[in-house]
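Okay, here's what each chain looks like letter by letter:
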Amino acid sequence: MKIATWNVNSLNVRLPHVLDWLATQAPDVLALQETKLTDDKFPVEALAAAGYRALFAGQKTYNGVALLTREAATDPLTDIPDLDDPDRRILIATVGGVRVVNLYVVNGQEVGSEKYAYKLEWLRAVTAHVARELEQHRDLVVVGDFNITPDDRDVHDPDAWRERILCSTPEREALGRLLALGLTDAFRLFEQAPASFSWWDYRQGAFRRNLGLRIDLVLPTTALGGRCTGCTVDTAPRRLERPSDHAPVVAEFDL
DNA sequence: ATGGTGGCGCGGCCA
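Residues numbered from 1 in each chain as written. Chains lettered and ligands numbered in written order. Predicted model: local features only at pLDDT ≥ 70, side-chain atom pairs only at ≥ 80, totals over all residues. Heavy atoms only, no water.

Caption draft 1: Examining the pattern of salt bridges more closely. Tallied over the entire structure, the rule returns 15 salt bridges. A salt bridge links Lys36 to Glu34; the nearest nitrogen and oxygen atoms lie 3.9 Å apart. Accessibility expressed as a relative area gives 28% for Lys36, which makes it partly exposed. According to the relative accessible area criterion, Glu34 is buried, its value standing at 13%. The closest approach of N and O atoms between Arg214 and Asp185, which form a salt bridge, is 2.7 Å. One end of the pair, Arg214, is in the loop between strand E10 (212–213) and strand E11 (216–220); the other, Asp185, is in the loop between helix H5 (169–179) and strand E9 (199–200), and 29 residues separate them in sequence. There is no split in this pair, since Arg214 and Asp185 are both buried. Salt bridges sharing common partners tie together Asp152, Asp159, Arg162 and Arg172. (Salt bridge = Lys/Arg side-chain N within 4 Å of Asp/Glu carboxyl O. Buried < 20%, exposed > 50% of the residue type's maximum accessible area, 1.4 Å probe, protein only. Helix = DSSP H or I, 4+ residues; strand = E, 2+ residues; numbered from the N terminus.)

Caption draft 2: Up close: helix H1 (residues 11–25). Along its 15 residues, H1 runs just 18 Å from first to last C-alpha, ending more than 12% under the 21 Å computed at 1.5 Å per residue. Residue His17 marks the point of greatest curvature in H1, where the axis turns by about 35°. Close packing links the buried residues of H1 with strand E1 (2–7), strand E2 (29–33), helix H2 (44–49), strand E4 (65–69) and strand E13 (249–253). Of the residues flanking the end of H1, it is Ala26, one or two places downstream, whose phi is positive at about 45°. (Expected span 1.5 Å × (residues − 1). Bend = angle between axes of the 7 residues up to and from the residue. Contact = heavy atoms within 4.5 Å.)

Listed below in structure tokens is the structure:
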């Protein structure tokens with residue numbers, strides 16, 4: 001079972017890239033973030049023609065998440081207890097016996113800002129909910145754009161980013177509390193090239209210079225992690241014309 | 001350095 005996550009930064013703009021990528025990689029599940037589409041505009045037919053069903057929770061201009069699956073997904077959830085959030089950032093569903101939690105974590109803008117406080121509160125509520133999901137589902141994977149670098153290996157210039165947004169200790173501790181529920185970072189189960197990233201700023205040729213961060217993650221339960229046979233960042237779509245600023249991350253499971 | 005780029009949508013916000 002191949003599970004992937006990709007922040008597409010507008011599914012309107014990126015649909016051709018997504019369709020090409022689905023045809024090339026043929027994942028069983030592709031979790032999308034930042035679709036920036038209301039549900040009435042979701043490209044259901046184009047994806048169906050490509051062999052994928054879709055669940056989606058969108059809004060205008062900002063945010064928006066989706067799950068593209070070969071087989072039907074069941075028991076979807078877009079709103080969780082203790083989080084009264086108009087932002088469409090969460091989509092949970094069961095696919096092939098695996099509970100898939102797709103997150104577009106709040107960016108937080110700047111350490112110490114209101115948005116930063118909201119990011120930490122949002123992560124607290126999501127972590128509490130994932131704990132509840134784990135009581136119901138043995139096989140679970142949390143995927144998405146976490147807007148957090150797990151550690152300094154995931155930062156092109158750790159000193160320049162020290163305690164800045166996406167890299168601060170409270171953010172990493174919040175991610176640590178999610179992992180402490182019994183999840184593992186699939187990417188780090190395998191030997192990886194140094195300076196492996198999943199996001200590069202559009203500005204100043206950051207991708208060409210590989211000035212990136214690894215903020216897009218696949219976090220299976222430790223048991224499911226034991227059946228993970230590989231996890232890679234596919235930088236190919238980031239090289240295309242008019243790319244997303246994120247690259248897809250793919251994990252394969254022996255399921 | 002408060003910019004640099006991109007998306008949305010047409011000014012300013014968000015990333």
